[in-house]
Structures are given as C-alpha cells and as structure tokens.
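# Working through the structure, step by step
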Amino acid sequence: MKRKPPSDTIAAIATAPGRGGIGVVRVSGPDLAPFAEVLCGRRPEARRALLSSFRDEQGMAIDQGILLYFPAPHSFTGEDVLELQGHGGPLVMQLLLSRCLALGARVAEPGEFSRRAFLNDKLDLAQAEAVADLIEAGTAAAARSAMRSLSGEFSRAVHSQVERLIELRLLVEATLDFPDDEIDVIRDTDAAARLASLGADLAALRARARQGSLLRSGLHVVLAGLPNAGKSSLLNRLAGEERAIVTEVAGTTRDALRETIQIEGIPLHVIDTAGLRETEDVVERIGVERTWREIERADAVLHLVDARTGVTPADRVIAVRLPGGNRRLVLHNKCDLAHLPPARWEEGGQVHLRLSAKSGAGIDLLHDELLRMAGWQGHGEDVILARERHLEALAEAQLRLDAATGQLGRIELCAEELRLAQEALSRITGEFTPDDLLGAIFSRFCIGK
C-alpha cells in the first residue's frame, strides 16, 4: 500500500549543472499561488506563461524570466507546481533556489518530484522509472522504448495479467467454501487451460522485457588473445575511429581500453585488453591480470587468433581458461593476409568467424553474431525497457504460475500460488511495494526529477 504523500514544499534546480541559455527551478507543494505572488509580485494564472522579475527579500530583482503555475491536481506531481525559467548561470540559479528556500521550501531529494507523482497516482512505479530511463537512454531505440513505458504500455501489459489472475483467483477461491465440488469446478471453469494461457502470455511479456534489458544495459564484450592478434585493430574497426594504439610491438596494450558502440540500437561495451602471455615485465603482467578479471565479468568474450596459423597450442592454453558456449566467439583475424575469404562455421560446439579487422572484411558477420550472443530479436519496436527488479518480478510470477498448475489437485495451495503471482506482478507497478524499496529506486534519480 502507498503511504500518504508529504505535505511540505520542495524546490530544486531542474536543469543540468553548468552554464546554459535557460535554467529552471522547480517547486512543488500545497497552495503555491501566494508563494509565487511574493516571489514575483503578481498572482499567477494557471498554465499561462508570465514574464516576471524574481525578487529577493528586499524586493530587488534576482533575475527576469518566465513563471509557469500548474495548480493541483493537474500537474506532474499532483500538487501545485511552479517552474521558474531564468537565465542559466549557476550563480543565478543558486540565488533563485535560495530565495525559494527562504520562502519556506526545502531542497528536494533525488527523484522526489517523481516520487510525489507516484504517491499522488499521477504515475505508477514503472512509469516513474521510465522517466529516469528516458533521461539516461544511450541509444535512440532505448529512448523510444522508455517513452513507450512512460506512456503506460508496460503498465497496461502488467495490469492485463493481474486482472486475469484476479479472475482466476476468484474462481479457484470460490471452491474453498464447497470442498466437495472442487474437482467439478476446476473442470467446468477449465482452470488448467486458463493457467496455461496466462503462463504463455507472461512468458511473452518476459521475453519483451529481457530484450528491453539489453537496450538499457547493453552487452559487455571483452577482446582477448595473444599479443598482436589484432585486438586493438578490431576495437578501432568497431568504434569507427583510431581509439587504440596499434603497432607491431607485442605488449603495446598494457591496460583495458573501453569503447561503447551500437549495433541495431544495442549498446555494446567493448573492452580491449592486454595480450595474454607469460611475461617478466611487471607493468604488462599487471595488465594480464586485469585482463583475466575483465574476462570473468564479461557477457561475451571474443577470442582472437591469427587466421594464418589457426588455433595454435598457445591459443589452446588461453581457450582452456575462457568461458565456452554462447559466451565465447573464436575470431580468426587477418584473413586478408592469409588470402582467405570471410566465413562462419561451428566446430566442437563453438562458433568460429574468419575476418579482417584491418580491412573490415567479415565485420558484418561479427555484428550478426554479437546480436545472436546478446539474444536480440527484431528491431526493438515492441520491447520493454525493463530493469532488473522487473525481470525478477516477472520470473517469480512465472514460477508461481507453474507451481499453481502443479497444485490444481490441492485447491488451497493453488490459490496461494496465484496470490503470490499477483503480488509479484503488482510490485512492478508499485501496488505492493515497501517504502525501503521506493527509497532505493527514487534515490537513483536526478535532483529536480
């Protein structure tokens, strides 16, 4: 259950730090018309831009700009909201904020405006999180997905599942008062088929959410291999510019170099690492140790070998320590020097690609494989920009539905599993969310949002 919204007034600078043409101070609280009148000397009109001089305690102008007044409940937070648009100098903004504090406001906590919008039923929790996701979006696809969540698409999908769960719970729990008729009621209402349909639709929603999680966090890819395998050249090719130093001297790369690229809107965080070999060089040895730590944390590892020699004994020594299966891709680099065409094949359950980081031959094959390794499907037009807690809630709901299916012969246990499934889904939108979780979620927002 939601707690009662606070009744004090908050204020914060809503624009990014630094200098700009325009800066905005946002204020939210009860009955802000008198507040605005003291600040600018005129009674504001609802939703009408007012050219104003913002004044200090002595009536001297701090700045001149636009005042916008949004009376409750027709505002972002559901309370009275003022937006003071002035010149975007840091000192001017601080003076204006200080004046608001002198008039009785306090400095807003990170995410407090969005939290009040949630508590006043202007947004549900998934929509409030979408505000932060839209601000933080690193790709156009992620921004579009966040906007769909903000408009309520994800919430509507969750509510649809919850409503079907409630309907099923009513049918199942009604039989608890008539235990002798349990089997007939379960058969007549076709509870098993309803559960199966609900589970299939929930699985489809989870798949959309997992795709959205990729848009949000991306895939961490580590380039690994012997010195001079072409890791830095490949990073430069993927980045589209000279980001890493490339020389014929083995061991040139001493520390991890990171670059974020996009493939079909998916962020890929590519990490170039030191060549893996035994060395007496203290600095290079530290670089090798860091490489192994990066490999342990990676979502995917690209193991580069020389196409002219194939997989050598030294490469096999490295491969033994690398993750296998879908987390590793063997790249036979320098196919131009080997006079071999780009190609893809599978060997021993491992995917191999032949390409040239220098010429770009076969890079399209690599792009396709990286998307496959990420589990990406489609072009992101129907994905949900999910957070880890959303994925956990959906997974728990799916688990509870599976358990309910297995308990159809014991109706009281089936009813309890359905209740727990509903509770898990309701955590996504905030209908059942403890205050400590709300605090953790909104504390990650920007101040002013």
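Note that the structure is a prediction, hence the values are computed from the model and not measured.

Rules and cut-offs
- Residues numbered from 1 in each chain as written.
- Predicted model: local features only at pLDDT ≥ 70, side-chain atom pairs only at ≥ 80, totals over all residues.
- Heavy atoms only, no water.
- Helix = DSSP H or I, 4+ residues; strand = E, 2+ residues; numbered from the N terminus.
- Buried < 20%, exposed > 50% of the residue type's maximum accessible area, 1.4 Å probe, protein only.
- Lys, Arg positive; Asp, Glu negative; His and termini not counted.
- Salt bridge = Lys/Arg side-chain N within 4 Å of Asp/Glu carboxyl O.
- Polar contact = N/O pair within 3.5 Å; in protein donor to acceptor, adjacent residues only side chain to side chain.
- Contact = heavy atoms within 4.5 Å.
- Phe/Tyr/Trp six-rings, centres within 6.5 Å; stacked < 30°, edge-to-face > 60°.
- Lys NZ or Arg CZ within 6 Å of the ring centre and 35° of its normal.
- pLDDT = per-residue confidence, 0-100.
- UniProt positions renumbered as here; feature names shortened; annotations may be inferred.
- Pairing = 2+ DSSP bridges.
- Axes fitted to C-alpha atoms, helices over the stretch in contact; angles between N-to-C directions.

Right, let's talk about the side chain of K334 for a bit. Mapped onto the secondary structure, K334 falls in the loop between β11 (328-333) and β12 (343-347). The side chain of K334 is buried and forms no salt bridge, while D306, the nearest opposite charge, is found at 4.1 Å. A polar side-chain atom of K334 sits 2.7 Å from the main-chain carbonyl oxygen of N228. Setting aside anything within four residues of it in sequence, one finds K334 in contact with N228, A229, D306, A307, R308, L355 and S356.

So, about the packing of aromatic side chains. Scanning the model with the defined rule gives 0 aromatic pairs in all. We note R26 situated over the ring of F113; from NZ or CZ to the ring centre the distance is 5.5 Å.

Per-residue confidence for the protein chain gives a mean pLDDT of 83; residues scoring 70 or more make up 84%. Confidence, expressed as mean pLDDT per element, reaches its minimum in the protein chain at helix α7 (residues 182-188) with 53 and its maximum at strand β1 (residues 10-13) with 95. Across residues 243-255 the pLDDT falls below 50, and counting only partners more than four positions away or on other chains, this stretch makes 35 contacts in the model.

So, on to the UniProt feature "binding site: Mg(2+)" (unreviewed entry) in the protein chain. UniProt marks S232 and T253 with the feature "binding site: Mg(2+)" (unreviewed entry), using the numbering shown here. By the element assignment, S232 lies in helix α9 (residues 231-239). The exposure class of S232 is buried, given its relative accessible area of 10%.

Across the sheet, 6 strands lie side by side as β3-β4-β5-β2-β1-β6; this open sheet has mixed pairing. With partners counted over all chains shown, the strands left at the sheet margins are β3 (50-55) and β6 (106-107), one partner each. Bridge analysis of β1 against strand β2 (residues 20-29) gives 4 bridges, and the strand direction is antiparallel. In the sheet register, I13 faces β2, and the bridge partner there is V25. Contacting β2, β3, β4 (61-70) and β5 (80-88), helix α1 (residues 33-40) crosses the sheet at an angle of about 70° to β3.

We now examine the pattern of salt bridges. The tally for this structure, following the rule as stated, stands at 20 salt bridges. In this structure, D8 engages R116 in a salt bridge whose closest nitrogen and oxygen atoms are separated by 2.5 Å. Highlighted residues: D8 in the segment before β1 and R116 in helix α3 (residues 112-119), separated in sequence by 108 residues. Residues E396 and R427 are paired through a salt bridge, measuring 2.6 Å at the closest nitrogen-oxygen approach. With a gap of 31 residues between them, E396 in helix α13 (residues 388-406) and R427 in helix α14 (residues 411-429) connect regions that are remote in the sequence. Accessibility expressed as a relative area gives 26% for E396, which makes it partly exposed. For R427, a relative accessible area of 23% gives the class partly exposed. What emerges from the salt-bridge pattern is a single network uniting D8, E79, R106, E112 and R116.

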